[in-house]
Amino acid sequence: MANLLETASKSGDFTVLLKAIKATELEDTLNSEGSFTIVAPTDDAFAKLPAADRDALFANIPKLKRIVLYHAVMGNVQSDDFAEIDEAPTMEGSIIAIKRAGGEIRINDALVTQMDILADNGVIHKIDTVLMPAILEHEYDQ
């Protein structure tokens, strides 16, 4: 099996996220032997952001790093675990909410579209929206 970043790269759905991980120099962290859970926005999720906002994120590396870390949880949190918990602490320091309704799972307001993409050092869950830490979220409410 491949590590998280190799697994994400092979899927072809996470090119913008992988670019953000590289830009924020988080590759070594996410390639390490630790166990991580990534709630990974797809390229389509990033495309929902206005182009100017996406460009602004990549121009502000500290903010981009917070956003990337907000999509990462320490430990291997799989679909069975999501059935048992209502929130999880992110590597950014904030909490993400986990909601279950109608057979769907949402992380904050993002729909989980594919679960349990397994890697050597963790698991990826594909989501349809880029998550924003609450402290940054107001900047995108325009």
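Let us look at the structure shown here. Since this is a predicted model, take the numbers as computed values, not measurements. (Residues numbered from 1 in each chain as written. Predicted model: local features only at pLDDT ≥ 70, side-chain atom pairs only at ≥ 80, totals over all residues. Heavy atoms only, no water.)

### Thoughts on the packing of helix α2 (residues 15–23) against helix α6 (residues 61–70)
Reasoning step 1: Where α2 meets α6, the axes come as close as 9 Å, and the angle between the chain directions of the two elements is 120 degrees. For the element pair α2 / α6, the angle class is oblique. Between α2 and α6 the crossing geometry is left-handed. Judged by residue contacts, Ala20, Ile21 and Ala23 of α2 engage Ile61, Leu64 and Val68 from α6.
Reasoning step 2: Considering only residue class, the contact of α2 with α6 consists of six nonpolar, no polar and no charged. (Axes fitted to C-alpha atoms, helices over the stretch in contact; angles between N-to-C directions. Helix = DSSP H or I, 4+ residues; strand = E, 2+ residues; numbered from the N terminus. Parallel < 35°, antiparallel > 145°, perpendicular 65-115°, else oblique. Left-handed = near helix turned anticlockwise from the far one by under 90°. Contact = heavy atoms within 4.5 Å. Nonpolar A, V, L, I, M, F, W, Y, C, P; charged D, E, K, R; others polar.)

### Structural notes on the environment of Thr37
Reasoning step 1: Relative to the helices and strands, Thr37 resides in strand β1 (residues 36–41).
Reasoning step 2: Under the relative-accessibility criterion, Thr37 is labelled buried at 2%.
Reasoning step 3: Considered as a pair, Thr37 and Asn60 are 23 residues apart in the sequence and their alpha carbons are 24 Å apart.
Reasoning step 4: The residues touching Thr37, leaving out its near neighbours within four places in the chain, are His71, Ala72, Val73, Gly75, Asn76, Val77, Val123 and His125.
Reasoning step 5: Engagement of the side chain of Thr37 in a polar contact is seen with the backbone nitrogen of Val77, the distance being 2.7 Å. (Buried < 20%, exposed > 50% of the residue type's maximum accessible area, 1.4 Å probe, protein only. Polar contact = N/O pair within 3.5 Å; in protein donor to acceptor, adjacent residues only side chain to side chain.)

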